[in-house]
Amino acid sequence: MSSQPAPIVVGYDGSPGSQSALRWAVGEAVRELAPLRILEAFELIVTVRPTPGHVVPLDALRTARQKGLDAVAETVRLQHPALQVETSLVGGAAVPALLEEAGHARLVVLGSRGLGGWSGLLVGSVAVQVTTHAPCPVIVVPHDLRPHAQEGPTVAVGVDGSKTSAKAIDFAFDQAEALHARVVAVHAWTSPFLTYSDGASMLQFDEDKIQEEGRLLVAESMAGAAADHPDVQWTTELVSGSAAQALVRRANSADLIVVGSRGRGGFTGLLLGSVGQSVLHHAQSPVAIVR
């Protein structure tokens, strides 16, 4: 007896950002044969200043929002008759509602910007909070997502040898297999150490050796996922400098950027003010944060 697969949850409020997220989530649900759950947070804002004109009763407003959400779901069902689509209009703030859903979701998909409960999505608000605390992977889709001119579909993943990076690699290969894409493993390095020769205070390190160590780290990190996905091609991209900048540049030609929620070395503090936040703010492709 097979159990019901976990749903893909998408945050929706009618904004361009949430529409982009919905399109991405629908495609993912179709590829993964997973149910789609469209969530809208219905948060009542009360003002003390008198409002001129007719006041819409709360029940009527809720009914109107539910009808709008049902219409969106019906459009998806018409386009994909085999897809199981559910809606959820939740009273309250967006973050608690999404985190509640994330507890039993396969994936949470958010737009980069939204309206109402989704306002300020990238700047310290919903996206940062959800990607920080959700137990499942979270994908943030740019509101102005455009197709990339490239040789073929690409999933880029940040690799630093940490356990969280290993989870990100597994996720990246799963996505690449579903998208019929190749994987690009991005590993960034900076000046690794200082050595002093004959007392001279000069920076000394063997760049070829550092790059070879980086290739070995990436190869070891990728081995398990590559063996589990033998049909997925992958390559290594070693970059000297900032991990965030390397991933943002790669986003210009990638269909998806995957990073772990926390890492080490160039990926330390991935979500809280460092690489993850930088990628979320600046990447021109969807970004997946994997805990």
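Cut-offs and rules
- Residues numbered from 1 in each chain as written.
- Predicted model: local features only at pLDDT ≥ 70, side-chain atom pairs only at ≥ 80, totals over all residues.
- Heavy atoms only, no water.
- Helix = DSSP H or I, 4+ residues; strand = E, 2+ residues; numbered from the N terminus.
- Phe/Tyr/Trp six-rings, centres within 6.5 Å; stacked < 30°, edge-to-face > 60°.
- Lys NZ or Arg CZ within 6 Å of the ring centre and 35° of its normal.
- Buried < 20%, exposed > 50% of the residue type's maximum accessible area, 1.4 Å probe, protein only.
- Contact = heavy atoms within 4.5 Å.
- Core = buried A, V, L, I, M, F, W, Y, C linked by side-chain atoms within 4.5 Å.
- Pairing = 2+ DSSP bridges.
- Right-handed = clockwise from strand over helix to strand, strands pointing away.
- pLDDT = per-residue confidence, 0-100.
- Expected span 1.5 Å × (residues − 1).

**Student:** I'd like a rundown of unusual backbone geometry, residues and numbers included.
**Tutor:** At Leu 33, a residue that is not glycine, the phi angle is positive and equals roughly 55°. Within the fold, Leu 33 resides in the loop between helix 1 (16–32) and strand 2 (36–42). If you check the backbone angles, His 180 has positive phi at about 55° while not being a glycine. In this fold, His 180 is placed in the loop between helix 5 (163–179) and strand 7 (182–189).

**Student:** I'd like a description of the packing of aromatic side chains, backed by residues and values.
**Tutor:** Scanning all chains against the criterion turns up 0 aromatic pairs. A cation sits over an aromatic face here: Arg 31 above Trp 24, 5.7 Å from the ring centre.

**Student:** Please provide a residue-by-residue account of helix 4 (residues 126–133), values included.
**Tutor:** Counting buried positions over the 8 residues of helix 4 gives 6, a clear majority of the element. All buried positions along helix 4 are accounted for by Val 126, Ala 127, Val 128, Val 130, Thr 131 and Thr 132. Its buried side turned inward, helix 4 meets helix 3 (94–102), strand 4 (107–111), strand 5 (138–141), helix 8 (275–282) and strand 10 (287–290).

**Student:** Lay out the environment of Thr 131 with the relevant residues and their values.
**Tutor:** In this fold, Thr 131 is placed in helix 4. A C-alpha to C-alpha distance of 9.4 Å links Thr 131 and Leu 99, two positions 32 residues apart in sequence.

**Student:** Break down the nonpolar core for me, with residues and values.
**Tutor:** In this structure, Leu 36, Ile 38, Val 109 and Val 258 are the most contacted members of the largest nonpolar core, which totals 45 residues. Apart from the residues lying within four places of it in its own chain, the contact partners of Val 258 are Val 155, Ala 156, Val 157, Gly 158, Ala 168, Phe 171, Ala 172, Ala 288 and Val 290. With 38 residues, the next largest nonpolar core counts Ala 97, Val 130, Ala 243 and Ala 283 among its residues.

**Student:** Pulling in residues and values, what's your account of the pairing of strand 7?
**Tutor:** Most of strand 7 is tucked away: 7 of the 8 residues are buried. Bridging between strand 6 (residues 154–158) and strand 7 involves 5 bridges; their strand directions are parallel. When the bridges of strand 7 are listed, Ala 156 appears paired with Val 184. Once you follow strand 6 into helix 5 and on to strand 7, the crossover reads as right-handed. When strand 7 meets strand 8 (residues 234–240), the two strands line up parallel, connected through 7 bridges. Paired with Val 184 across the two strands is Thr 235, which belongs to strand 8.

**Student:** I'd like a rundown of the confidence of the model for the protein, residues and numbers included.
**Tutor:** On average, residues of the protein score 82 in pLDDT, and 79% of them reach the 70 mark or higher. Ranking the elements of the protein by mean pLDDT puts helix 8 last with 78 and strand 1 (residues 8–11) first with 97. Predicted confidence for residues 116–124 stays below pLDDT 50, and this span has 31 contacts to residues more than four positions away or in other chains. Below pLDDT 50 for its whole length, residues 265–273 participates in 30 contacts with residues either more than four positions away or in separate chains.

**Student:** Describe helix 5, with residues and values.
**Tutor:** Compared with an ideal rise of 1.5 Å per residue, which puts 17 residues at 24 Å, helix 5 spans 25 Å between its outermost C-alpha atoms and is within 8% of the ideal. Taken together, the buried positions of helix 5 are occupied by Thr 164, Ser 165, Ala 168, Ile 169, Phe 171, Ala 172, Phe 173, Gln 175, Ala 176 and Ala 178. One or two positions beyond helix 5, positive phi appears at His 180, with a value near 55°.

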